[in-house]
Amino acid sequence: MPADCALSLPEFGGVHLALPAVLVLQAVVATDRPADVVRQATHAVEVDSAGPALARWRASLARDSSDLGALLGVATITRLTYEDASADRLYAMVAAATAPGSSYAAWAALGRAESRLYHAPLDSASAWFVTAVKAARSANDSVAVAQALFGLTISRLRRESAA
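Thresholds, definitions, all that
- Residues numbered from 1 in each chain as written.
- Predicted model: local features only at pLDDT ≥ 70, side-chain atom pairs only at ≥ 80, totals over all residues.
- Heavy atoms only, no water.
- Helix = DSSP H or I, 4+ residues; strand = E, 2+ residues; numbered from the N terminus.
- Buried < 20%, exposed > 50% of the residue type's maximum accessible area, 1.4 Å probe, protein only.
- Contact = heavy atoms within 4.5 Å.
- Areas by Shrake-Rupley, 256 points an atom, 1.4 Å probe, with all protein chains shown as cover.
- Core = buried A, V, L, I, M, F, W, Y, C linked by side-chain atoms within 4.5 Å.
- Expected span 1.5 Å × (residues − 1).
- Polar contact = N/O pair within 3.5 Å; in protein donor to acceptor, adjacent residues only side chain to side chain.
- Arc of directions from axis to C-beta.
- Axes fitted to C-alpha atoms, helices over the stretch in contact; angles between N-to-C directions.
- Left-handed = near helix turned anticlockwise from the far one by under 90°.
- Nonpolar A, V, L, I, M, F, W, Y, C, P; charged D, E, K, R; others polar.

Any chance you could explain the overall build of the chain here in plain terms?
The helix and strand tally for the chain stands at eight helices and two strands. Reading the helices (α) and strands (β) of the chain from amino to carboxyl end gives β-β-α-α-α-α-α-α-α-α. Going through the 163 residues of the chain one by one, you find that 37% of them count as buried. When contacts within the chain are restricted to residue pairs at least 6 apart in sequence, long-range pairs at least 24 apart make up 49% of them. Surface accessibility of the chain: about 9,700 Å² in total, with carbon and sulfur atoms responsible for 61%.

Structure, rendered in C-alpha cells:
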C-alpha cells in the first residue's frame, strides 16, 4: 500500500486506537436486550408516547424485517393498548423468528401470558408463564425468569381465589 494512502490512527501509550473496530463493536453492543425493549415499550404507554415509539419501531422493521427488538416493542405496545389478537400474532412472529435458547422467546411467551392474565381463562395464562419460565431458564435470562415466576404466582392465586 502506498505511504500516502495509509490510514493514520491516533496513538495512546504505544497502542493504536482503531476507530473502525470500536464503531463495529458499538453497533453490535447497541442491540437492546429484550427486557430493555419491553421496559421502553411499557414506559412509552405509561407516558402516553406510544405513537412515536411505534413509529420508530415500525420504521426499523421497514428497514429490517428481522429486527426482533422492534418486533417485540411493537408487540408489547399492542398488548398494553389491549389489541390482544394483534399482540398474540406479533408475539408468535417473535417466537418463530427466535433461535432456541434466546431471551426473545422467553419475552414473547411472557407477553402472551400477560395478555391472558386478565382477559382469558387463567389456565392459558399459567401455561404461557410456565413456557416463559422454561424459555428464560434456557436463555439464562434471570430477569425473565423472575417475571415469569411472579406472573405464574399471580395467575395461580387468581385461579385459587376464583374457586
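Can you walk me through the nonpolar core in this structure?
Nonpolar side chains in soluble globular proteins tend to be buried together. Counting residues in hydrophobic clusters, the biggest one holds 40 residues, and the most contacted among them are Trp-57, Leu-72, Ile-77, Val-94, Trp-107, Leu-110 and Phe-129. Those elements that place two or more of their residues in this core are helix H2 (34–46), helix H3 (50–63), helix H4 (68–80), helix H5 (84–96), helix H6 (103–117), helix H7 (122–139) and helix H8 (142–162). Non-local contacts of Phe-129, meaning those with residues more than four positions away in its chain, are made with Leu-110, Ala-113, Glu-114, Leu-117, Ala-148, Gly-151, Leu-152 and Ser-155.

Mind showing me how you'd approach H7 here?
Because each turn of an α-helix spans 3.6 residues, side chains separated by three or four positions end up pointing in the same direction. Between its terminal C-alpha atoms H7 stretches 25 Å, which fits the 26 Å expected from 18 residues at 1.5 Å a residue. Those residues of H7 that sit buried are Leu-122, Ala-125, Ser-126, Phe-129, Ala-132, Val-133, Ala-135, Ala-136 and Ala-139.

In this structure, what is going on with the side chain of Arg-116? I would like to understand it.
Its place among the elements puts Arg-116 in helix H6. Among the residues examined, Arg-116 registers a relative accessible area of 17% and is labelled buried. Among the polar contacts listed, one links the side chain of Arg-116 to the side chain of Asp-88, at a separation of 3.1 Å. Those residues within four positions of Arg-116 in sequence are excluded, and the remaining contacts are Asp-88, Pro-121, Ser-124, Ala-125 and Trp-128.

It is not clear to me how H5 should be interpreted in this structure. Could you clarify?
Compared with the 18 Å implied by 1.5 Å per residue over 13 residues, the 18 Å span of H5 between its first and last C-alpha is a close match. Every buried residue of H5 is listed here: Ala-87, Leu-90, Tyr-91 and Val-94. The buried residues of H5 all sit within an arc of 100 degrees when viewed along its axis, so they share a single face. Facing away from the buried side of H5 by more than 90 degrees, the exposed set consists of Ala-85 and Ala-96. Tucked inside the fold, the buried residues of H5 contact H4 and H6.

Please clarify how the packing of H3 against H4 should be interpreted in this entry.
The axes of two packed helices give the description: the angle between them and the distance between them. At a closest axis distance of 8 Å, the pairing of H3 and H4 adopts a crossing angle of 145 degrees. The hand of the H3/H4 crossing is left-handed. Across the interface between the two elements, Ala-50, Ala-53, Leu-54, Trp-57, Arg-58, Ser-60 and Leu-61 from H3 touch Gly-69, Ala-70, Leu-71, Gly-73, Val-74 and Ile-77 from H4. Tallied by class, the residues present in the contact of H3 with H4 amount to nine nonpolar, three polar and one charged.

What should I look at first to understand the environment of Ser-124 in this one?
Along the chain, Ser-124 falls in helix H7. The class of Ser-124 is partly exposed, set by a relative accessible area of 24%. Separated by 31 residues in sequence, Ser-124 and Ser-155 place their C-alpha atoms 9.4 Å apart.

So what exactly am I meant to see when it comes to unusual backbone geometry here?
Trans is the common state for peptide bonds, and a negative phi is the common state for residues other than glycine. For Asp-48, which is not glycine, the phi dihedral falls at a positive 60 degrees. Within the secondary structure, Asp-48 sits in the loop between H2 and H3. Classification of Asp-48 as exposed rests on a relative accessible area of 73%. With a phi angle near 65 degrees, Tyr-82 is a residue other than glycine that sits in the positive phi range. Considering the arrangement of structural elements, one finds Tyr-82 in the loop between H4 and H5. Tyr-82 sits in the exposed class, given a relative accessible area of 62%.

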